[in-house]
Amino acid sequence: MPGESHQLRKNPLRTRDDLLASLDSLIEPVLGCFVDGNSGLDLGAFAAHYDQRATRLEGFSRLLWGLGPMIAQAATEPEAAPGADGPALKAARLAVEGL
């Protein structure tokens, strides 16, 4: 089955660390896809009927479903912030730079 070896399939998703690891594994492949200004993701031409701008924004906004809660918790509980070298935190920095 395709994707069977992906690390997310092996993650039990029981603890906060499991969830952060899953977020990292989903974000890492797209880190190099941010467009100039970090306001979107260029993931290719896979949109059925949306223009490129809308497609880039859609890809970027989906990351925020995971990054938003992570950033909010880190702001109120700094000791709970993920490691500084993880893909999720790198993406969060890129997203903030794009604002």
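Note that the structure is predicted; figures quoted are calculated from it, not measured. (Residues numbered from 1 in each chain as written. Predicted model: local features only at pLDDT ≥ 70, side-chain atom pairs only at ≥ 80, totals over all residues. Heavy atoms only, no water.)

### Structural notes on the packing of aromatic side chains
Then, number 1: Overall, the coordinates contain 1 aromatic pair when judged by the stated rule.
Then, number 2: Taking the centre distance of 6.2 Å and the plane angle of 75° together, the rings of Phe34 and Phe60 count as edge-to-face. On the criterion of sequence distance, the pair formed by Phe34 in the loop between helix H1 (16-27) and helix H2 (52-76) and Phe60 in helix H2 is long-range, its members being 26 residues apart. Both residues of the pair, Phe34 and Phe60, belong to the buried class. (Phe/Tyr/Trp six-rings, centres within 6.5 Å; stacked < 30°, edge-to-face > 60°. Helix = DSSP H or I, 4+ residues; strand = E, 2+ residues; numbered from the N terminus. Buried < 20%, exposed > 50% of the residue type's maximum accessible area, 1.4 Å probe, protein only.)

### Comments concerning the environment of Ala45
Then, number 1: With respect to the element layout, Ala45 can be found in the loop between H1 and H2.
Then, number 2: Each C-alpha atom of the pair Ala45 and Thr55 lies 8.5 Å from the other, and the pair is 10 residues apart in sequence.

### Here we look at the pattern of salt bridges
Then, number 1: Under the definition given, this model contains 2 salt bridges.
Then, number 2: Among the ionic pairs, Asp42 bridges to Arg56, the shortest N-O distance being 3.5 Å. With Asp42 in the loop between H1 and H2 and Arg56 in helix H2, this pair connects stretches of sequence that are 14 residues apart.
Then, number 3: Classification of Asp42 as partly exposed rests on a relative accessible area of 35%.
Then, number 4: Given the relative accessible area of 25%, Arg56 is considered partly exposed. (Salt bridge = Lys/Arg side-chain N within 4 Å of Asp/Glu carboxyl O.)

### Let's talk about the layout of surface pockets
Then, number 1: The calculated volume of the second largest pocket comes to roughly 160 Å³.
Then, number 2: Lining of the second largest pocket is provided by Arg16, Leu19, Leu20, Ser22, Leu23, Leu26, Gly66, Pro69, Met70 and Gln73.
Then, number 3: Looking at the lining of the second largest pocket, the elements with two or more residues in it are H1 and H2.
Then, number 4: A per-element tally of the lining of the second largest pocket places H1 first, with 6 residues. (1 Å grid on protein atoms, 1.4 Å probe; cavity = no way out; pocket = protein on both sides within 12 Å on 5 of 7 lines; lining within 4 Å. Points joined across faces, edges and corners; volume = space filled by probe spheres on them.)

### Looking at the confidence of the model for the chain
The predicted structure's coordinates, where accompanied by low pLDDT, should not be read in detail.
Then, number 1: Summarising the model, the chain shows a mean pLDDT of 78, and 82% of its residues fall at 70 or more.
Then, number 2: Per-element confidence in the chain is highest for H1, whose mean pLDDT is 86, and lowest for helix H3 (residues 87-97), whose mean pLDDT is 76. (pLDDT = per-residue confidence, 0-100.)

### Considering the nonpolar core
Then, number 1: Membership of the largest hydrophobic core comes to 15 residues, with the highest contact counts inside it found for Ile27, Leu63, Leu67 and Met70.
Then, number 2: At the level of secondary structure, the elements contributing two or more residues to this core comprise H1, H2 and H3.
Then, number 3: Ranked by residues supplied to this core, first place goes to H3 with 5 residues.
Then, number 4: Residues in contact with Leu67, not counting those within four places in the same chain, are Leu23, Ile27, Ala88, Ala91 and Ala92. (Core = buried A, V, L, I, M, F, W, Y, C linked by side-chain atoms within 4.5 Å. Contact = heavy atoms within 4.5 Å.)

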